[in-house]
Amino acid sequence: MIIEAQKLFKEYRMGGTTVAALDGVNLNVEAGEMLAITGPSGSGKSTLMHILGCLDRIDSGRYILAGEDISRLSSNQLAEIRNRRIGFVFQTFNLLPRLNALENVELPLLYAGLAHAKQRAHEAIAAVGLTDRAHHRPNQLSGGQRQRVAIARSLITDPALILADEPTGNLDTRTGDEILTLFASLNATGRTIIIVTHESDIAGRCRRQIAMRDGRIVAETRN
Amino acid sequence: MLISTTIKVGIRSLWANKMRSFLAMLGIIIGVAAVIAMLAMGAGAKKTVMARIDAMGTNLLAVRPGQTGMRGVASGTSQKLTLEDAEAILADTKGVQRLAPAVTGSVQAKYMNHNSRTSVVGSSVTYLPIRDFTVEKGKAFTETQVEQTARVAILGPVTVDNLFGLNDPLGETVKLNGINFTVIGVLKAKGFDFDDQIIVPYTTAMKQLFGLDYLREIDIQAEEGQNLTEVQDAMTVVLRKRHKLLGNAPDDFNVRNQADMIQAAQDVIRTFTILLGGIASISLLVGGIGIMNIMLVSVTERTREIGIRKAIGAKERTILLQFLMEAVITTGLGGLLGVVAGAGAAKVIAKMSPNFATEIEPFSIILSLSFSAFVGIFFGFYPAWRAARLDPVEALRYE
């Protein structure tokens, strides 16, 4: 079991009112699953993604990631978890504009203080088919290429879990399709992948789908 | 993350904003340059003044008539210094090697159609060795010439220039206040204001030139190794006795001790240097505030970058170090450039005015470099801390 989450609660204050972004979410994810979280905006799917990605903390509940209880860790320990156990892929790619593709991919290894960073970054770039673009900066790459760089970066520390937040949202259909194919092939090699999306055809390519509304899981389907 | 990587990242982001980084640095450059230049001027002034005091001779006490009273009201009658006073001091004070009575005044010196206003010192044969003068051309006057009230004069090199130009002055006659004197010697140049004066026998000066029966000054040279203050105290006792001063009556003469002069000059220069350095370091402080300002803007502007870095595993400490490093690189580099600029400024100042020496001490470089590094850490810390404490979710949302 990669993820064991029980009764996750998270509230936000918006002006005077309190919004329950997560209202008692229970979620278990097995290793090697490919899971889609869907729902309209404001349904809490982004919040769930932030919680699962250890970017944010829950108000109450229990979250165990790869056997480790996350609920009580310090922000430094969370940074370490994000570095080693989780790979992020964002809608807007979130590459550092001043670094080239290779340096972007290398960065998590530098933060981890791991050896052979350059060589591993080269391998990761090769794995997403961008060897000839390794020394280009993000603004010299197409959207699809940027997302591939981001995926290479998410894989570089060999994490247990890949979290993708609307990974095809800024891409045309054909490129989006290529990215999803890349995710599928990664999943085939045993990676656990969670994709947050509001597009049903993207969700349809995942074996398991979870629908959220008002901070709760309202439906679950498996293909 | 390795420190070398942090430095590389810091330099890279500074380079990405060249203009802004340079302007931020400029405050530090100016501040450090000002500190270096001010301290160099202080050190130069100290060297000049010490050389000036040294050129007066060594182990000197100068006695002059007048009261040293602090209250500003002269009480009792003030006595004059006489030749007998000088003889008594020489005879009765322990530790005195030699002394020279002196009368001074300003005269109009004339040779052919050249005129010059200059000062005349009338003194004994001991004056030249006490005051560390050497005769370069011709010779000094003798005891006999002093006794005979001879009208002979030794001229300073500047006075020679003024009156004779390139002509040989030896054996020529100059008119001092209308009285003819034969030039028998020319002094070797010593620098400062010592080179424009005329030295004549005190007998001639007192009787013929100024019409005085008292002295303006007695220059006393203590024996080598004597404590000047002890000699001064002994001399004061002798002179008080001769002037019949009893009990608490204030001295009717005034002793300047060379050791005290050195001390006083050093104190003044030190105060001055601290003052100038202090003012200069305020500009360094202002530069530091400029750095903080730029850093805060930079942190806000790079909120998203910070969010990304945090998402992929940068710890708070790593982010803090990254921004701190940028600040320290800015001030460190600015400090180095400031040292170069300050040294250049000091050289220019020294070139522009020949009387103003500057000297750059290694200490001042170390001081200003470490101060600027400190400024970087101090003013860079708050922006870096703000960056480190950013919430990753908020930071990633930032547009």
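Right above here is the structure, for reference.
Note that the coordinates shown come from a computational prediction; the quantities given were computed from them, not determined experimentally.

**Student:** So what exactly am I meant to see when it comes to the overall build of chain B here?
**Tutor:** Of regular secondary structure, chain B possesses 13 helices and 10 strands. A compact globule built from 399 residues should have a C-alpha radius of gyration of about 21 Å, whereas chain B, at 33 Å, is more than 25% larger. Along the three orthogonal principal directions, the C-alpha set of chain B runs to about 105 × 60 × 35 Å. Put simply, chain B has 399 residues, and 40% of those count as buried. The contacts in chain B between residues at least 6 apart in sequence include a share of 83% that link residues at least 24 apart.

**Student:** Mind showing me how you'd approach the overall build of chain A here?
**Tutor:** When helices and strands are counted, chain A shows seven helices and 10 strands. A principal-axis box enclosing the C-alpha atoms of chain A has dimensions of 50 × 40 × 35 Å. Taking all 223 residues of chain A together, the buried fraction comes to 49%. If you take every contact in chain A between residues at least 6 apart in sequence, the share linking residues at least 24 apart comes to 70%.

**Student:** What is the right way to look at the interface of chain A and chain B in this model?
**Tutor:** How big an interface is tends to be expressed through the accessible area that disappears when the partners come together. At the junction of the two partners, chain A supplies 20 residues and chain B supplies 17 residues. Of all the secondary-structure elements, those providing two or more residues to the side of chain A that touches chain B are helix 2 (75–85) and helix 3 (101–112) of chain A. With six residues, the top contributor of residues to the side of chain A that touches chain B is helix 2 of chain A. Tallied by class, residues from the side of chain A that touches chain B come to nine nonpolar, six polar and five charged.

**Student:** I would appreciate a short explanation of the sheet that holds strand 1 (residues 3–14) of chain A in the present structure.
**Tutor:** What holds strands together in a sheet is hydrogen bonding between their backbones, with the strands either parallel or antiparallel. Residue and element names in this part refer to chain A. Read across the open sheet, the four strands follow the order 2-1-4-5; overall the sheet is antiparallel. Of all the strands in the sheet, the pair left with one neighbour each is strand 2 (17–29) and strand 5 (68–69). Pairing geometry for strand 1 and strand 4 (residues 60–65), over five bridges, is antiparallel. Following the sheet pairing, Ile 3 is matched in strand 4 by Leu 65. Running at roughly 60° to strand 2, helix 1 (residues 45–52) makes contact with strand 1, strand 2 and strand 4 of the sheet.

**Student:** Explain the sheet that holds strand 3 (residues 34–38) of chain A here, please?
**Tutor:** Residue and element names in this part refer to chain A. If you walk across this open sheet you meet the six strands as 6-7-8-3-9-10, and the pairing is mixed. What marks the edges here is a single partner per strand, and that holds for strand 6 (86–89) and strand 10 (216–222). Between one strand and the next, the sheet's axes are offset by a mean angle of 20°, whatever the strand orientation. One ladder, built from four bridges, connects strand 6 with strand 7 (residues 161–165); its direction is parallel. Following the sheet pairing, Phe 88 is matched in strand 7 by Leu 163.

**Student:** Hey, could you run me through unusual backbone geometry in this one?
**Tutor:** Apart from glycine, the bulk of residues carry a negative phi angle, and the bulk of peptide bonds sit in the trans form. Here the phi dihedral of Asp 158 of chain A falls at roughly 55°; this positive angle occurs in a residue that is not glycine. What makes Asp 158 of chain A exposed here is the crowd of 12 C-beta atoms within 10 Å. With phi around 65°, Asp 132 of chain B is a residue other than glycine that occupies positive phi space. Counting through the fold element by element, Asp 132 of chain B comes out in the loop between helix 4 (127–130) and strand 4 (135–138).

**Student:** Would you mind showing me how to read the environment of Leu 239 of chain B here?
**Tutor:** All names here are of chain B. The topology assignment puts Leu 239 in helix 8 (residues 228–242). The class of Leu 239 is buried, set by 24 C-beta atoms lying within 10 Å. Considering only alpha carbons, one finds Leu 239 and Asp 252, 13 residues apart in sequence, at a separation of 9.3 Å. When sequence neighbours within four positions are dropped, the list of residues in contact with Leu 239 reads Asp 85, Ile 89 and Phe 253.

**Student:** What am I meant to see in the environment of Ile 184 of chain B here?
**Tutor:** Residues and elements named next belong to chain B. Locating Ile 184 in the fold gives a position in strand 7 (residues 179–187). Owing to 22 C-beta atoms within 10 Å, Ile 184 belongs among the buried residues under this scheme. For the pair Ile 184 and Leu 246, spaced 62 residues apart in the sequence, the C-alpha separation amounts to 46 Å. Discounting chain neighbours no more than four positions away, the residues touching Ile 184 are Gly 138, Lys 139, Phe 141, Val 152, Ala 153 and Ile 154.

**Student:** Could you clarify how one ought to interpret the packing of helix 2 (residues 18–55) of chain B against helix 12 (residues 362–388) of chain B in this entry?
**Tutor:** Residue and element names in this part refer to chain B. Helix 12 packs onto helix 2 with a crossing angle of 155° between their chain directions and a minimal axis gap of 10 Å. In terms of orientation, helix 2 lies roughly antiparallel with respect to helix 12. In this structure, helix 2 meets helix 12 at a crossing whose hand is right-handed. Residues Ile 28, Val 32, Val 35, Ile 36, Leu 39 and Ala 40 of helix 2 form the contact with helix 12, whose own contacting residues are Ser 364, Ile 365, Ser 368, Ser 372 and Val 375. Grouping the constituent residues of the contact of helix 2 with helix 12 by class yields eight nonpolar, three polar and no charged.

Cut-offs used in this document
- Residues numbered from 1 in each chain as written.
- Chains lettered and ligands numbered in written order.
- Predicted model: local features only at pLDDT ≥ 70, side-chain atom pairs only at ≥ 80, totals over all residues.
- Helix = DSSP H or I, 4+ residues; strand = E, 2+ residues; numbered from the N terminus.
- Rg over C-alpha atoms; globule rule 2.2 N^0.38 Å.
- Buried ≥ 20, exposed ≤ 12 C-beta atoms within 10 Å, placed from the backbone.
- Contact = placed C-beta atoms within 7 Å.
- Nonpolar A, V, L, I, M, F, W, Y, C, P; charged D, E, K, R; others polar.
- Pairing = 2+ DSSP bridges.
- Axes fitted to C-alpha atoms, helices over the stretch in contact; angles between N-to-C directions.
- Parallel < 35°, antiparallel > 145°, perpendicular 65-115°, else oblique.
- Left-handed = near helix turned anticlockwise from the far one by under 90°.

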